[in-house]
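Understanding the architecture of this molecule
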Amino acid sequence: MKSKNKDEVAVRKIHEKILEVYPFLTKAERDIFEKRTGIYLESLSNNKKTNGENTVSNILALLKNPHAGIKEWHKPDKEFMKRVKPERIPRFSIENRILMIKIPSWSMWLGPIDKKLVSFCVRNKSKYDSILIDVRENGGGNSQYAHDFAGIFFKKTVIYGKVTRRNKSSRLNTEISRLEPNKTIFIGKPIVILISNKCFSSNELFLAPFKVSKRATLIGQATAGGSANPTSEIVKISGKKFVVRVPTYRFFLKGKRQPIEKTKIDPDVVYKGRDIEGFAKNYLKKGEKK
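Here is a short report on the structure shown in this document. (Residues numbered from 1 in each chain as written. Predicted model: local features only at pLDDT ≥ 70, side-chain atom pairs only at ≥ 80, totals over all residues. Heavy atoms only, no water.)

**Here we look at the sheet that holds strand 9 (residues 231-237)**
Where strands meet in a sheet, backbone hydrogen bonds hold them as pairs that are either parallel or antiparallel. Taken in spatial order, the three strands make up an open sheet running 1-10-9, and their pairing is antiparallel. The open sheet has two free edges, formed respectively by strand 1 (69-72) and strand 9, since each of these has just one partner strand. Between one strand axis and the next, the sheet turns through 25° on average, direction left out of account. Looking at chain direction, strand 9 and strand 10 (residues 240-246) are connected through seven bridges and run antiparallel. By the bridge assignment, K236 is partnered in strand 10 with K241. Each of strand 1, strand 9 and strand 10 is contacted by helix 3 (residues 52-61), which is oriented at about 155° to strand 1, the strand it contacts most. (Pairing = 2+ DSSP bridges. Helix = DSSP H or I, 4+ residues; strand = E, 2+ residues; numbered from the N terminus. Axes fitted to C-alpha atoms, helices over the stretch in contact; angles between N-to-C directions. Contact = heavy atoms within 4.5 Å.)

Rendered as structure tokens:
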């Protein structure tokens, strides 16, 4: 019996992980995946010159899920994190009676700032008539931060979709996705949210309740489409360490039959011009005059 080389062992480990946690929606979908990946695995087994990293990349690409990926593992760069921190911290102010909020990321830095942001929104309610939230550059982060903030703009629980994942018995399990309102704070003023094709992952979960409930008007371009709570596996291929991300669930926006990777979140008002902020301000002003 032919022995497996180290790269083949690592690649097969990732393949098995995908079969264990990825929520294939039908047996046919899983069968097609196994058939196609079988070709890659056979090639890796028969040809020692086949690149293990490329094989993993090709296998992950078959999932057609932007959360699935492989990249070389590096130790966390603390200096880099310090440099990018200012770019990821929310900014907020009041301009011409519009509360302007820009949230570049639902990252760990939002945690302590979130209290300041919410406090600012509440303390200054008499100073603004409408709200403009800009999340165009927001690629995701902590969905709990996102929903904690969104909760201050809703009075009732909002069912905004569902999540399909595998349970411990490897069976598909569907969970309803709900946004719970803040128990003590409610801000009911008109809201416009600026979106783009860079909106992704947990940021799309932030947008979903606003979209399905029509609580806000989304202006801009369709989002990237992806929310998968990926698990990370570290493997060694060709002497290098790689981190491989494997999606563990698939999110469906309420009313959609396909996962968000295919449907994305469409804007209520499409805008491709340069001055989207100016357009949004005028949109809010027109709404106030009605």
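What follows continues from the structure just given.
**So, helix 2 (residues 27-46)**
Three- or four-residue spacings in an α-helix give side chains the same orientation, since the helix completes a turn every 3.6 residues. Compared with an ideal rise of 1.5 Å per residue, which puts 20 residues at 28 Å, helix 2 spans 28 Å between its outermost C-alpha atoms and is within 8% of the ideal. By the burial criterion, the buried members of helix 2 are F33, T37, L41, L44 and S45. Buried residues along helix 2 sit against helix 1 (6-21) and helix 3. (Expected span 1.5 Å × (residues − 1). Buried < 20%, exposed > 50% of the residue type's maximum accessible area, 1.4 Å probe, protein only.)

**A word on helix 6 (residues 143-150)**
Residues of helix 6 that are buried include every one of A146, H147, F149 and A150, and no others. The arc enclosing the buried residues of helix 6, seen along the axis, measures out at 160°, which places them on a common side. Its side-chain oxygen 2.8 Å from the backbone nitrogen of Q144, N142 forms the N-cap of helix 6. (Arc of directions from axis to C-beta. Polar contact = N/O pair within 3.5 Å; in protein donor to acceptor, adjacent residues only side chain to side chain.)

**Some points on the packing of aromatic side chains**
A full pass over the atoms with the stated rule returns 12 aromatic pairs. Each ring, one from F153 and one from F210, has its centre 6.3 Å from the other, and the planes form 55°; the classification is tilted. Here the residue F153 occupies a position in the loop between helix 6 and strand 5 (158-166), and F210 occupies one in helix 7 (residues 202-213), the gap between them amounting to 57 residues. Arranged with centres 4.5 Å apart and planes meeting at 20°, the rings of Y271 and F279 form a pair that is stacked. Judged by relative accessible area, which is 29%, F279 ranks as partly exposed. (Phe/Tyr/Trp six-rings, centres within 6.5 Å; stacked < 30°, edge-to-face > 60°.)

**Topic: the pairing of strand 2 (residues 91-95)**
Here strand 2 pairs with strand 3 (residues 98-102) via five bridges, running antiparallel. The residue of strand 3 that forms the bridge with F92 is I101. Between the antiparallel neighbours strand 2 and strand 3 lie two residues, among them N96 with a positive phi of about 50°.

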